[in-house]
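# Fold and geometry: a report
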Amino acid sequence: MDLVYRPERYPFLTQDLPGVGGAIRVEPGDFQVEEVPAYLPKGEGEHLYLFLEKEGRTTREVLEFLRDAVGVPEKEIGVAGLKDKRARTRQWFSIPRKYEDALCLLEDLKGVRLLDASLHTNKLRTGHLKGNRFRILIRGAQGRERAEAILRALQEKGVPNYYGPQRFGLGGLNPVKGYELVKRGKGRGSPWLKRFLIGSLQSLLFNEWVALRMERGLYDRVVPGDWAKKHATGGEFLVERPEEAERALRLEISATGPLFGKKYPEAQGEARSLEDEILARFGLKREDFRARRGARRPIRVPLAEWSLVESPEGLWLSFFLPKGSYATSLLREVMKVEVDAPGEEEAGEEPTPPPENPAL
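No experiment lies behind these values; they were computed from the predicted model shown.

## Considerations on helix H4 (residues 191–215)
The terminal C-alpha atoms of H4, which comprises 25 residues, lie 37 Å apart, in line with the 36 Å expected from a rise of 1.5 Å per residue. Trailing H4 by a residue or two, Gly-217 shows a phi angle of about 75°, which is positive.

Here it is in structure tokens:
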């Protein structure tokens, strides 16, 4: 029973297509991310929305600066999602309007630049975004035609929605700690840290479920008892009719996998047996996750927007992914190498707790 996150054991969807190799994150500017918000600030209200560009800084570091230097209580700081440290990223934060005059202190935070500020009626909350746009340089990549063939295949079948290495902590060991918590109730740390560690175990089990369905030829299929997600609307429903299979092949719907907990739509029949197989592999039961709410997460995400530009350094790849998805899942398909070491982005930093429903 190996609970350490090891990305090499998760199959590629495009394993028959050779990758371009190369490396990412050689320089922070090689990896660019911009949040696509769910809504823009209205220009009025008691919350000040800040659009910040940061490089070499974690989202947590910026939050702590707003707390410690600007004086905003942490519970009053809003953020939609976490962004990488070794990258150039643009994301929204919110603070109460009454702290506006202290924003000049942001000039003291190296690597952070204020791009825009506007008022809104509510605090920004986790998950308040559509997704992220990425622009990434793959240095030393070999073969634009290879990359195009892979991206066309992903556009047809969807990107495997694996959780990326930053979800699993330094060395990929967080699921091991999460297992100790759910089986024995033991562990050191704050309640939010314990929730994070259990969430890491949930994520590992989800990745194992994705891999199992790929190995069984069920990646782009739905089976009786599946809970399927409608990509156009986000709605979920129980698969009971055989004609739903055609919708899955057209990438209109996808099967969803479990983030086990006490309150989430449970699969039935054949679909449930696949989930049971993963639990049995690690000596776990659904009841072990009664401390978590639970959720469902789609096995794949559509790739509707992408482009490639050749440069002397390699290939610039641009694409959009919906919230909750990892760019590393797409990059590993294109490159056919493991693109990040587990926990590399978060080394030396305590993780920020995920939302209760991180997939949606």
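## A word on unusual backbone geometry
With a phi angle near 60°, Leu-251 is a residue other than glycine that sits in the positive phi range. Relative to the assigned elements, Leu-251 resides in the loop between helix H5 (244–249) and strand S10 (253–259). For Lys-336, which is not a glycine, the phi torsion comes out positive at approximately 60°. Note that Lys-336 resides in the segment after helix H7 (327–335).

## Section: the sheet that holds strand S11 (residues 295–298)
If you trace the four strands from one edge of the open sheet to the other, you get S9-S8-S10-S11, paired in antiparallel fashion. The two strands at the open ends of the sheet, each matched to only one other strand, are strand S9 (236–238) and S11. Here the strands of the sheet are splayed against their neighbours by 45° on average, with no regard to which way each runs. In the sheet, S10 pairs with S11 via four bridges, with the strands oriented antiparallel. Across the sheet, residue Gly-257 finds its bridge partner in S11, namely Arg-297. Across the sheet, H4 touches S10 and S11, and the angle it forms with S10 is around 140°.

## Comments concerning the environment of Arg-272
Relative to the elements of secondary structure, Arg-272 occurs in helix H6 (residues 269–281). Considering only alpha carbons, one finds Arg-272 and Val-159, 113 residues apart in sequence, at a separation of 23 Å. Filtering out sequence-adjacent residues up to four positions away, Arg-272 remains in contact with Glu-266, Ala-267 and Arg-286. At 3.2 Å, the side chain of Arg-272 and the backbone oxygen of Ala-267 are in polar contact.

## Quick word on the packing of aromatic side chains
One pass over the structure, following the stated rule, counts 13 aromatic pairs. Note on Phe-260 and Tyr-264: the rings are 6.3 Å apart at their centroids and 85° apart in plane angle, and the pair reads as edge-to-face. For the pair shown, Phe-260 and Tyr-264 are each scored as buried. Its guanidinium or amino end placed over the ring of Trp-316, Arg-135 lies 3.9 Å from that ring's centre, counting from NZ or CZ. Positioned above the aromatic ring of Tyr-163, the side-chain terminus of Arg-297 is 3.8 Å from the ring centre.

## What to know about the packing of helix H3 (residues 174–184) against H4
The geometry of a pair of packed helices is captured by two quantities: the angle between their axes and the separation between those axes. Put simply, H3 and H4 touch, their axes get as near as 7 Å, and they point 110° apart. In terms of their interaxial angle, H3 and H4 are classed as roughly perpendicular. Within the contact between the two elements, H3 uses Asn-174, Pro-175, Lys-177, Gly-178, Tyr-179, Leu-181 and Val-182 and H4 uses Lys-194, Phe-196, Leu-197, Ile-198, Ser-200, Leu-201 and Leu-204. Across the contact of H3 with H4, the residue classes break down as nine nonpolar, three polar and two charged.

About the thresholds
- Residues numbered from 1 in each chain as written.
- Predicted model: local features only at pLDDT ≥ 70, side-chain atom pairs only at ≥ 80, totals over all residues.
- Heavy atoms only, no water.
- Helix = DSSP H or I, 4+ residues; strand = E, 2+ residues; numbered from the N terminus.
- Expected span 1.5 Å × (residues − 1).
- Pairing = 2+ DSSP bridges.
- Axes fitted to C-alpha atoms, helices over the stretch in contact; angles between N-to-C directions.
- Contact = heavy atoms within 4.5 Å.
- Polar contact = N/O pair within 3.5 Å; in protein donor to acceptor, adjacent residues only side chain to side chain.
- Phe/Tyr/Trp six-rings, centres within 6.5 Å; stacked < 30°, edge-to-face > 60°.
- Buried < 20%, exposed > 50% of the residue type's maximum accessible area, 1.4 Å probe, protein only.
- Lys NZ or Arg CZ within 6 Å of the ring centre and 35° of its normal.
- Parallel < 35°, antiparallel > 145°, perpendicular 65-115°, else oblique.
- Nonpolar A, V, L, I, M, F, W, Y, C, P; charged D, E, K, R; others polar.

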